[in-house]
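Residue-level listing of the chains:
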Amino acid sequence: MVSATAEPLTDEIHILWTSEGMSCDGDTVSVTAASLPSIEDVVLGAIPGLPKVHLHNKVLAYENGDEFVEAFRQAARGELDPFIFVVEGSIPNENINGDGYWTSLGNDPETGEPVTLNEWIDRLAPKAWAVVAAGTCATYGGIHAMAGNPTGCMGLADYLGWDFRSAGGLPIVNVPGCPVQPDNFMETLLWVLHQAAGQAPVIPLDDKLRPTWLFGKTVHEGCDRAAYYEQADFAFDYNSPKCQVKIGCWGPVVNCNVTKRGWMDGVGGCPNVGGICIGCTMPGFPDRFMPFMDEPPGSSMSSTLLKSYGPFIRTMRSITNRSANREPKWRHNRDRLTSGYQPRWPHT
Ligand code: SF4
Ligand code: SF4
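What you are looking at is a predicted structure, and each value in this text was computed from that prediction instead of being measured.

Basis of the calculations
Residues numbered from 1 in each chain as written. Chains lettered and ligands numbered in written order. Predicted model: local features only at pLDDT ≥ 70, side-chain atom pairs only at ≥ 80, totals over all residues. Heavy atoms only, no water. Near = heavy atom within 4 Å. Nonpolar A, V, L, I, M, F, W, Y, C, P; charged D, E, K, R; others polar. Buried < 20%, exposed > 50% of the residue type's maximum accessible area, 1.4 Å probe, protein only. Helix = DSSP H or I, 4+ residues; strand = E, 2+ residues; numbered from the N terminus. Pairing = 2+ DSSP bridges. Disulfide = S-S within 2.5 Å. Salt bridge = Lys/Arg side-chain N within 4 Å of Asp/Glu carboxyl O. Contact = heavy atoms within 4.5 Å. Polar contact = N/O pair within 3.5 Å; in protein donor to acceptor, adjacent residues only side chain to side chain. Axes fitted to C-alpha atoms, helices over the stretch in contact; angles between N-to-C directions. Core = buried A, V, L, I, M, F, W, Y, C linked by side-chain atoms within 4.5 Å. Expected span 1.5 Å × (residues − 1). Phe/Tyr/Trp six-rings, centres within 6.5 Å; stacked < 30°, edge-to-face > 60°.

**Q** I tried to follow the site of ligand 2 on my own but got confused; where do I start?
**A** Around ligand 2, the neighbouring residues are Val-219, Val-254, Cys-256, Val-258, Cys-270, Pro-271, Cys-277, Ile-278, Gly-279, Cys-280 and Thr-281. Classifying every residue of the shell around ligand 2 gives nine nonpolar, two polar and no charged.

**Q** Is there a simple way to think about the pairing of strand β3 (residues 83-88) in this case?
**A** Strand residues, when the strand is regular, have side chains that alternate between the two faces of the sheet. Across the six residues of β3, six count as buried, placing the element largely inside the fold. Judged from the five bridges that link them, strand β1 (residues 12-18) and β3 form a sheet pairing that is parallel. The partner of Trp-17 across the bridge, within β3, is Val-86. Where β3 meets strand β6 (residues 130-134), five bridges bridge the pair, whose relative direction is parallel. The residue bridging Phe-85 from the neighbouring strand is Val-131, located in β6.

**Q** So what exactly am I meant to see when it comes to the state of the cysteines here?
**A** In protein structure, a disulfide is the covalent linkage between the sulfur atoms of two cysteines. Applying the stated criterion across every chain, the model contains zero disulfides. The thiol of Cys-137 is not disulfide-bonded; the next cysteine sulfur, from Cys-178, is found 5.1 Å away. Using a relative accessible area of 10% as the deciding quantity, one classes Cys-137 as buried.

**Q** When you look at the pattern of salt bridges in this model, what are you seeing that I'm missing?
**A** Charged atoms that come close allow side chains of opposite charge to pair. In the structure shown here, the tally under the stated rule is 15 salt bridges. Here Glu-70 ties to Arg-77 by a salt bridge, and the two come within 3.1 Å at their closest N and O atoms. Residues Arg-210 and Asp-206 are paired through a salt bridge, measuring 2.9 Å at the closest nitrogen-oxygen approach. The exposure classification of Arg-210 matches that of Asp-206, with both residues buried.

**Q** In this structure, what is going on with the environment of Glu-12? I would like to understand it.
**A** Among the structural elements, Glu-12 can be located in strand β1. Counting along the chain gives 140 residues from Glu-12 to Gly-152, while the straight-line C-alpha distance between them is 37 Å. Residues contacting Glu-12, with those up to four places away along its chain left out, are Pro-51, Lys-52, His-54 and Pro-82. A polar contact is formed between the side chain of Glu-12 and the side chain of His-54, at a distance of 2.8 Å.

**Q** I tried to follow the sheet that holds β3 on my own but got confused; where do I start?
**A** Working definition: the strands of a sheet are paired by backbone hydrogen bonds and lie parallel or antiparallel to each other. Pairing is parallel across the open sheet formed by five strands, whose spatial order is β2-β1-β3-β6-β7. Either end of the sheet is taken by a strand with one partner, and the two such strands are β2 (52-57) and β7 (173-175). Sheet twist, expressed as the average angle between the axes of neighbouring strands with direction ignored, equals 20 degrees. Bridge count for β6 against β7 is three bridges, and the pairing is parallel. Paired with Ala-134 across the bridge in β7 is Val-175. Strands in contact with helix α3 (residues 65-76) are β1, β2 and β3; relative to β1, the strand with the most contacts, it is inclined by about 115 degrees.

**Q** Help me understand the nonpolar core, please; the structure alone is not making it clear to me.
**A** Soluble globular proteins: nonpolar side chains tend toward being buried together. Counting 31 residues, the largest nonpolar core has Ile-84, Val-86, Phe-185, Met-186 and Leu-193 as its most contacted members. Those elements that place two or more of their residues in this core are β1, α2 (39-43), β3, β6, β7, α7 (182-196) and α8 (212-215). Of all the elements, α7 adds the most residues to this core, at seven residues. In this view, Met-186 contacts Val-31, Ala-34, Pro-37, Ser-38, Ile-39 and Val-42; residues no more than four positions away in its chain are not counted.

**Q** How do you make sense of the site of ligand 1 when you look at a structure like this?
**A** Taken together, Val-219, His-220, Cys-223, Arg-225, Ala-226, Cys-243, Gln-244, Val-245, Cys-249, Gly-251, Pro-252 and Pro-271 make up all the residues around ligand 1. Per-class residue counts for the shell around ligand 1 are eight nonpolar, three polar and one charged.

**Q** I would appreciate a short explanation of unusual backbone geometry in the present structure.
**A** When glycine is set aside, most residues are seen to have a negative phi, and most peptide bonds are trans. Look at the link from Asp-81 to Pro-82: it is a cis peptide, with omega at 0 degrees. Mapped onto the secondary structure, Pro-82 falls in the loop between α3 and β3. The step from Phe-285 to Pro-286 runs through a cis peptide bond, and the omega angle for that step is 0 degrees. Structurally, Pro-286 can be placed in the loop between α10 (258-261) and α11 (299-324).

**Q** Got a minute to help me understand α7 in this structure?
**A** Three or four residues apart is the spacing at which side chains of an α-helix point the same way, because the helix has 3.6 residues per turn. An ideal rise of 1.5 Å per residue puts 21 Å on 15 residues; α7 measures up with 21 Å between its terminal C-alpha atoms. Counting buried residues along α7, 14 of its 15 residues qualify, which places the element largely inside the surrounding structure. The N-cap residue of α7 is Gln-181: its side-chain oxygen and the backbone nitrogen of Asp-183 are 2.8 Å apart. Positive phi appears at Gly-198, one or two residues downstream of α7, with a value of about 75 degrees.

**Q** Could you clarify how one ought to interpret the packing of aromatic side chains in this entry?
**A** Where two aromatic rings form a pair, the distance of their centres and the angle of their planes describe that pair. Considering all chains together, one arrives at eight aromatic pairs under this definition. Ring centres 4.9 Å apart and planes at 80 degrees place the aromatic pair Trp-250 and Phe-289 in the edge-to-face group. Of this pair, Trp-250 sits in the loop between α9 (226-230) and α10 while Phe-289 sits in the loop between α10 and α11, placing them 39 residues apart in sequence. Residue Trp-250 shares its accessibility class with Phe-289, and that shared class is buried.

Okay, structure coming up:
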């Protein structure tokens, strides 16, 4: 577990959120579905004890153009303190950009030239009270960083270094997922905000910088199809309610809580509702999981072993199930009691 120390903060904080990396804005869109807490709850101060939050996210902002970028410029000049820096999207390698740039946010007022995302990260990350990577692209590179990509892009810890510490003394906080599960992100942000207010201990992160309470278990450990797996009862098409490991589910080796949590308010998910887990939260995503719809190579051994006793267990359980489905024979409307009742005193 990673530990860090952080000073308690003020009662007002900015969140500077950039999705200017190699990004689809899917994580921003996803968190608008959160309810534990919702963005509105955080921004409108509905949660007691939280600092007053000013959110700067281009998808949700009232400001446009330069007016929106101004908060980022102020933070870079040290005029917006404290702030949490949220990065969405993977970070391209601007050392190989030729004469241009891969991605940028706003223009430099002096030169009129685009300011690359990488320049913003260089300016803002060391000044930020906490740095949070939203989604698998920002955390580990994700889909944009797959084999054959032209930008050489990467995750935030690959760019800043895995031992990076923010101004608040925190490591990068990684919340992976493609997209991020709405409440997973907002719950993590809530912890960081509470910590900033001096009301929560240091956020517990694992060695991949993920919150331990969200990513400490596997998809399989929370999947309500795991009972089929245990009985070697597998789906061979996508319409089956059974375990999908034979048709591409990577759940047993993937750290994610979506099968336990559902997607929005407990509704939806992935393998629990019929979609194979493609490992979208994982540092090895997507390359280590492709082609998605093939059986994961490691699953054939366990499923073959299970087949040696799974059908036997299933048969035994179905016999017991039939018995459990029968009412005891003394439940009847005949004129004699047959329940085995022994009166303590004989009837007079
Ligand atoms: S569907 Fe996937 S996660 Fe669910 S039990 Fe099967 S292998 Fe495990
Ligand atoms: S269950 Fe698998 S595919 Fe679904 S969100 Fe989690 S890691 Fe991604």
